[in-house]
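Architecture at a glance
Chain by chain, the residues run as shown.
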Amino acid sequence: MRIDLLNLFPEMFAGAFEHSIIKRACQKGLLQIALTDIRDYATDKHRSVDDRPYGGGSGMVMMCGPVFDAIEDIARQDGPVDEVILLTPQGRPFDQQTAKELAQKQRIVLIAGHYEGFDERIREHLPTKEISIGDYVLSGGEIPAMVVVDAVTRLIPGVLGDEYSSVEESFSESLLEYPHYTRPAEFRGWTVPEILLSGNHQEIKKWRQEQAHKRTHRRRPDLLEDKKDVED
Ligand SMILES: C[S@@+](CC[C@H](N)C(=O)[O-])C[C@H]1O[C@@H](n2cnc3c(N)ncnc32)[C@H](O)[C@@H]1O
């Protein structure tokens, strides 16, 4: 899979993408990340990508020209793009289902905004989806882009060593994941549930399923289709 990131601060991504699972996915050839600085498509000597809003008001607005030119240029250079995504607090809330859908694509483009946001004509005339990572406003789209890239990368087949690690994770079946424990079996008098030490894999599986349901019921009942069947 290839992910293109259109943004204004490419240097912000170095730390996030040069470690752990994303780095390994790139090394294995399962993921390619291409960073494009929208300023490279500015047309004045100041490399401006924003301007004052028509109608007045505070802040600056990202201009159409550099964004359209950047998208059209990268699409021309490297073959078809399956999805162009605008990162904006006004978009569809990002969730595991959206991450799964994106992980099926060959190539996506994420556009990270800044300032007051995008000229509305970008939204209207670029064939984009809009994604929000939550109901709060960040200063720029770089961190949302990192969130999307990370969540999607985990779901690209072959990225996680153990195929089951992502299948059992929170949200994969509209459930939060069951609790985990590791050694020691007793820490400061707090013990690990007996069942996990029993070696009875069938009973452990059952216990984990029950715990996942109870936890989801307690913390996120909105995720459960049938909330009434589950008792705490
Ligand atoms: C300061 S925000 C602009 C917010 C805009 N004035 C509004 O009220 O909707 C600047 C940029 O950060 C990114 N951003 C901020 N919060 C975000 C969120 N929750 N999800 C996705 N992107 C976000 C977007 O790319 C946005 O264009």
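Structure: see above.
Residues numbered from 1 in each chain as written. Predicted model: local features only at pLDDT ≥ 70, side-chain atom pairs only at ≥ 80, totals over all residues. Heavy atoms only, no water.

Okay, the site of the ligand next. Leu 87, Gln 90, Gly 113, Glu 116 and Tyr 136 are the nearest of the 21 residues found near the ligand. Backbone polar atom of Tyr 136 to a nitrogen atom of the ligand: 2.9 Å apart, as the coordinates give it. Contacts to the ligand include Leu 138, whose backbone N or O atom sits 3.0 Å from a nitrogen atom. Bound to the protein, the ligand loses 86% of the 580 Å² it would expose on its own. (Near = heavy atom within 4 Å. Polar contact = N/O pair within 3.5 Å; in protein donor to acceptor, adjacent residues only side chain to side chain. Areas by Shrake-Rupley, 256 points an atom, 1.4 Å probe, with all protein chains shown as cover.)

For the structure on display, the rule yields two aromatic pairs. Centre to centre, the rings of Phe 13 and Phe 17 are 5.4 Å apart; their planes meet at 25°, and the pair counts as stacked. Of this pair, Phe 13 and Phe 17 are both found in helix α1 (residues 13-17), four residues apart, which corresponds to roughly one turn of the helix. Of the residues examined, Phe 13 reaches a relative accessible area of 1% and is grouped as buried. Between Phe 187 and Trp 190, the ring centres sit 5.9 Å apart and the planes meet at 50°, which makes this aromatic pair tilted. Note on Trp 190: relative accessible area 55%, which makes it exposed. (Phe/Tyr/Trp six-rings, centres within 6.5 Å; stacked < 30°, edge-to-face > 60°. Helix = DSSP H or I, 4+ residues; strand = E, 2+ residues; numbered from the N terminus. Buried < 20%, exposed > 50% of the residue type's maximum accessible area, 1.4 Å probe, protein only.)

Consecutive side chains of a regular strand alternate in pointing toward one face of the sheet and then the other. Burial of strand β1 (residues 2-7) is extensive: six of the six residues sit out of reach of the surface. The alternating pattern of β1 places Arg 2, Asp 4 and Leu 6 on one face and Ile 3, Leu 5 and Asn 7 on the opposite face, and all of these are buried. Sheet topology note: the β1/strand β6 (residues 107-112) ladder contains five bridges and is parallel. From the neighbouring strand, Asp 4 faces β6, where its bridge partner is Val 109. (Pairing = 2+ DSSP bridges.)

For the rest of this paragraph, the subject is the nonpolar core. Core analysis: the largest hydrophobic core is formed by 28 residues, its most contacted members being Ile 3, Leu 5, Leu 102, Leu 110 and Val 148. Looking at this core element by element, the count peaks at six residues for helix α6 (residues 142-153). Filtering out sequence-adjacent residues up to four positions away, Val 148 remains in contact with Leu 87, Phe 94, Leu 102, Leu 110, Ile 131 and Ile 133. Grouped together as the second largest cluster of nonpolar side chains are 20 residues, Leu 8, Val 49, Val 109 and Ile 111 included. (Core = buried A, V, L, I, M, F, W, Y, C linked by side-chain atoms within 4.5 Å. Contact = heavy atoms within 4.5 Å.)

This part covers the packing of helix α2 (residues 20-27) against α6. The N-to-C vectors of α2 and α6 enclose an angle of 65°; their axes lie 10 Å apart at closest approach. Viewed along their axes, α2 and α6 form a crossing whose handedness is left-handed. Facing Ile 21, Ile 22 and Ala 25 of α2, the residues of α6 in contact are Val 149, Asp 150 and Thr 153. Tallied by class, the residues present in the contact of α2 with α6 amount to four nonpolar, one polar and one charged. (Axes fitted to C-alpha atoms, helices over the stretch in contact; angles between N-to-C directions. Left-handed = near helix turned anticlockwise from the far one by under 90°. Nonpolar A, V, L, I, M, F, W, Y, C, P; charged D, E, K, R; others polar.)

Before going further, it helps to spend a moment on the packing of helix α4 (residues 96-103) against α6. Across the interface, α4 lies against α6 with an axial gap of 8 Å and an inter-helix angle of 70°. By the criterion of interaxial angle, the relationship of α4 to α6 is roughly perpendicular. Seen from α4, the contacting residues are Ala 99, Leu 102 and Ala 103; seen from α6, they are Val 148, Ala 151 and Val 152. Here the residues of the contact of α4 with α6 are counted per class, giving six nonpolar, no polar and no charged. (Parallel < 35°, antiparallel > 145°, perpendicular 65-115°, else oblique.)

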